[in-house]
Amino acid sequence: MRAAVRTAAAAATALALLLTGCGGGGDGRTDGRITIRFQSLAWQKESVDANKQLVKEWNASHPDVRVQYVQGSWDNVHDQLLTSFEGGEAPDVIHDASDDLADFAYGGFLADLRTLLPDRLTADIPQRSWRTSTFDGGVYGVPFLQEPRVLIANTKILGASGVRIPTPARPWSWTEFRQITKKLTGKGRYGVAWPLREPVSVTLNLGLSAGGELFHRGADGKVTLAMEEGDLVVPGTIHDQVDIDHSAARTALGMGGGDTLPGFFGGKYAMVPLGFSYRQQVVEQAPKGFEWTVLPAPAGSAGLAQGVSPQTLSVAEDSAHKKEAVEFIDFLLRPANMVRLAKGDWMLPTGRAALADPSLHTADRGWATGAALAGALRSAPAQSVRGYPEWKDKVATPAFQEYYSGAIDAAELRKRLVQDGNRVLARYQR
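Residues numbered from 1 in each chain as written. Predicted model: local features only at pLDDT ≥ 70, side-chain atom pairs only at ≥ 80, totals over all residues. Heavy atoms only, no water.

Trainee: Sorry if this is basic, but what is going on with the overall build of the protein here?
Mentor: Broken down by element type, the protein carries 18 helices and 16 strands. Radius of gyration (C-alpha) of the protein: 22 Å, near the 22 Å computed for a compact globule of 430 residues. Projected onto the principal axes, the alpha-carbon positions of the protein cover approximately 70 × 55 × 40 Å. Put simply, the protein has 430 residues, and 56% of those count as buried. When contacts within the protein are restricted to residue pairs at least 6 apart in sequence, those whose partners lie at least 24 apart make up 75%. Counting only carbon and sulfur atoms, one obtains 51% of the accessible surface of the protein, whose full area is about 17500 Å². Looking at the protein, you have 46 positive and 47 negative side-chain charges, and the mean spots of the two groups are 6 Å apart. (Helix = DSSP H or I, 4+ residues; strand = E, 2+ residues; numbered from the N terminus. Rg over C-alpha atoms; globule rule 2.2 N^0.38 Å. Buried < 20%, exposed > 50% of the residue type's maximum accessible area, 1.4 Å probe, protein only. Contact = heavy atoms within 4.5 Å. Areas by Shrake-Rupley, 256 points an atom, 1.4 Å probe, with all protein chains shown as cover. Lys, Arg positive; Asp, Glu negative; His and termini not counted. Charge placed at Lys NZ, Arg CZ, Asp CG, Glu CD.)

See the structure below:
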């Protein structure tokens, strides 16, 4: 999911839902035509414009099935959707992220799309992406946009240091990355700034590269937590950079991704690990003449593997027009259209045909580096784990924050994540 959101859209969402007529549970007919409502979470101008233009193109070529665009917000989408589901007012086509779908899928609020999806779309999106929206054997969303976490680096600082520049073919190891951040650290400058206001997804998703899984599903289908050697590589590296090497800025631990950019532009940080889409903010906000580049995140025993939670398009179970809703999704995700959506959001498409578009493989603004990482993206470790939100908020977030700040050691981190975490998960799996 996008790390950056726009809060102004939150209030607009509720108003828009009140003004758009009957919900997904109605027959959706206006003036003899079918009307389906599409709630989009696009927030950047480029992305909003792309979505609205595609809706306009659909409506021009499908006079009998009108799509009504509804603006939603990443800020409150889960609670807003839950309210609309329970009130019978859910939009027909729902834009969300795969890590937000589990409760809605298990709760019966989303349609199982397996018998509705066209073969073209099913074949075009890799199985590794489909797994992000598959729950208990059913498919409850179409994953269409994804973003790896990359290193956005100051080109001049890297060049002056003489360090080896990593590529997707020859990335840094986590050990090498730690050594290089020490080398890049100097008077008034840190080698890296980790924006970890929300540390859990960053830690778990990057942890896949080192073979970390943390969540383990048994033969009975139940999930338990176990913290093994691979699970400690990424958090251990971050901890040591902050608390031992002092090559990572302690003040950045409480920041969001965008909060680090002023310091990055000012030369305070040589590198910042950020989602791929943050490149847009760099382009828009960097001072004139600032030189930057996109590098792959470090690799471990599992190579460049990363967990992701793609953006998804789902259909409400109560929709009276599931067939038409899926036809609209198929239109939105035609290869050329998927490229338009990806560029509007500065992200990568999941579809093979769209990802092959030459415009996504240019060196300009790091597109080629991102595209090279697409094959290494995997379903986020906790994607389908019931109880994960509570574990993340009540157990993992405070535990990681204290560990990274040096308040607790690795043994206490393990105890909290595993012992306290398993008690949380057990309540959801009785």
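Trainee: I would appreciate a short explanation of the pattern of salt bridges in the present structure.
Mentor: Pairs can form between side chains of opposite charge whenever their charged atoms are close. For the structure shown, the criterion picks out 16 salt bridges. Note that aspartate 245 and arginine 178 form a salt bridge whose closest N and O atoms lie 2.6 Å from each other. Here aspartate 245, found in helix α10 (residues 233-245), pairs with arginine 178, found in helix α8 (residues 174-184); they are 67 residues apart in sequence, far enough to count as distant. Salt bridges sharing partners connect three or more residues here, namely Arg178, Asp240 and Asp245. (Salt bridge = Lys/Arg side-chain N within 4 Å of Asp/Glu carboxyl O.)

Trainee: For this particular structure, what's the right way to read the sheet that holds strand β11 (residues 271-275)?
Mentor: Pairing between the strands of a sheet comes from backbone hydrogen bonds, and it takes one of two forms, parallel or antiparallel. The 3 strands lie next to each other as β11-β8-β12, forming an open sheet whose pairing is antiparallel. A strand with exactly one partner marks an edge of an open sheet, and here the two such strands are β11 and β12 (292-296). Averaged over all pairs of adjacent strands, the angle between strand axes in this sheet comes to 35°, irrespective of strand direction. Relative to β11, strand β8 (residues 149-154) runs antiparallel, the two sharing 5 bridges. Looking at the pairing, arginine 149 lines up with glycine 275 of β11. (Pairing = 2+ DSSP bridges. Axes fitted to C-alpha atoms, helices over the stretch in contact; angles between N-to-C directions.)

On their own, these measurements won't tell you what the molecule is for.
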